[in-house]
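Residues per chain, in single letters:
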Amino acid sequence: MKTNRRCRALLAVSLNLMALLFSTTAFITTHWCEGTQRVPKPSCGKEKKTNCLNYGGNETANETNQNVVHYSWETGDDRFLFRYFHTGIWYSCEENINAAGEKCRSFIDLAPASEKGVLWLSVVSEVLYIMLLVVGFSLMCLELFHSSSVIDGLKLNAFAAVFTVLSGLLGMVAHMMYTQVFQVTVSLGPEDWRPHSWDYGWSFCLAWGSFTCCMAASVTTLNSYTKTVIEFKHKRKIFEQGFREEQNFLDQEAIKYFRERSVQSVARSGELFMDSASPRKSRCSPTAEHVSEV
């Protein structure tokens, strides 16, 4: 029993630790959603020779004279670049088409005003989710390494299960709220940011993987608690049943003993009565003989 409880506790601690690591990584990374943005190609210049629009003619004269009409043979999607972008809870980063590297801006500033409150609720829920995971993990470690008795371990187990379930529910709500905010931002966000195509990234998968591990840890902890309680009740029932059988056996032995003692006492009293009655007959017999002689 003790070995099974320890194995279940180790499994719950491992799952909770994985959930904590996944959630923290997803919270600080910027790959919840990723895709491409369609942006106009810049004009070609001295430093920009590729992925640009070349209008021909004297480039210096065209730059100084704004009345010159620019012509380009590129039409449709050829006039646009598709740059890679990725977005997290805090920042949205996109490929820099004019230089190497990426440029990032705050996703909270990109979100529409009507969705900023929901986004902040999502952020607060994510923080509470991580904090409750830390509390649940601490309680599980205490139950695993420092519980002096089974009763104390059960109490810690119950509290750890409650905190883990609450954290999982908060995490689920936070992920769903962020998804809603991102979808609204795709439709109503700034023109220069709106994605042409997008999909969920590895940070989003980590977030939901963290939720899965969290709920698995809570189920394992609850299973350990209920199984231990059921085992204690079963052992108590067996003990009480054995105690009753032993009590009934003792009662029957006592009844049998008292019956035998009562029979023996009755037999002894009968013998004593017979012994006490026999001398009276001897006393009366001479008187009878004397009467006969007379």
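It should be emphasised that the depicted structure is a prediction, and the values quoted were computed from it without experimental measurement.

The next point concerns the overall build of the chain. When you go through the chain residue by residue, the secondary structure sums to six helices and five strands. Moving toward the C terminus, one meets the helices and strands of the chain in the order α-β-α-β-β-β-α-α-α-β-α. By residue count, 33% of the 294 residues in the chain fall in the buried class. Counting contacts in the chain only where the partners sit at least 6 residues apart, residues at least 24 apart contribute 73% of the total. Of the roughly 18,900 Å² that the chain leaves accessible, carbon and sulfur atoms contribute 62%.

Here we come to the UniProt feature "transmembrane region" (unreviewed entry) in the chain. Summarizing the sequence annotation, UniProt attributes the feature "transmembrane region" (unreviewed entry) to residues 127–146, 158–180 and 200–226 in the numbering used throughout. In residues 127–146, the share of helix is 95% and the share of strand is 0%. The end C-alpha atoms are 28 Å apart. In the segment residues 158–180, helix accounts for 100% and strand for 0%; the C-alpha atoms at its two ends are 34 Å apart.

Take Ala160: it is sitting in helix α5 (residues 150–188). The sequence separation of Ala160 and Ala217 amounts to 57 residues, and the corresponding C-alpha distance is 9.6 Å. When residues no more than four places from it in sequence are discounted, the contact partners of Ala160 are Gly136, Leu139, Met140 and Thr221.

On to the side chain of Thr30. With respect to the helices, strands and loops of the structure, Thr30 is situated in the loop between α1 (2–28) and β1 (33–40). Here Thr30 is in contact with His86, Thr87, Gly88, Tyr91 and Ser203, once residues within four sequence places are set aside.

For the rest of this paragraph, the subject is the state of the cysteines. Counted by the stated rule, this structure contains one disulfide. The disulfide that involves Cys93 links it to Cys104, with 1.9 Å between the sulfurs. Its S-S torsion of about 105° marks the bond between Cys93 and Cys104 as right-handed, since a negative value means left-handed. Of this pair, Cys93 sits in strand β3 (residues 91–95) while Cys104 sits in strand β4 (residues 102–106), and the two are eleven residues apart along the sequence. By relative accessible area, Cys93 is classed as buried at 6%. Classification of Cys104 by relative accessible area gives partly exposed; the value is 46%. For the unlinked cysteine Cys214, the closest cysteine sulfur is that of Cys213, found at 8.8 Å. Take Cys214: its relative accessible area is 0%, and that puts it in the buried class.

Conventions we followed
- Residues numbered from 1 in each chain as written.
- Predicted model: local features only at pLDDT ≥ 70, side-chain atom pairs only at ≥ 80, totals over all residues.
- Heavy atoms only, no water.
- Helix = DSSP H or I, 4+ residues; strand = E, 2+ residues; numbered from the N terminus.
- Buried < 20%, exposed > 50% of the residue type's maximum accessible area, 1.4 Å probe, protein only.
- Contact = heavy atoms within 4.5 Å.
- Areas by Shrake-Rupley, 256 points an atom, 1.4 Å probe, with all protein chains shown as cover.
- UniProt positions renumbered as here; feature names shortened; annotations may be inferred.
- Disulfide = S-S within 2.5 Å.

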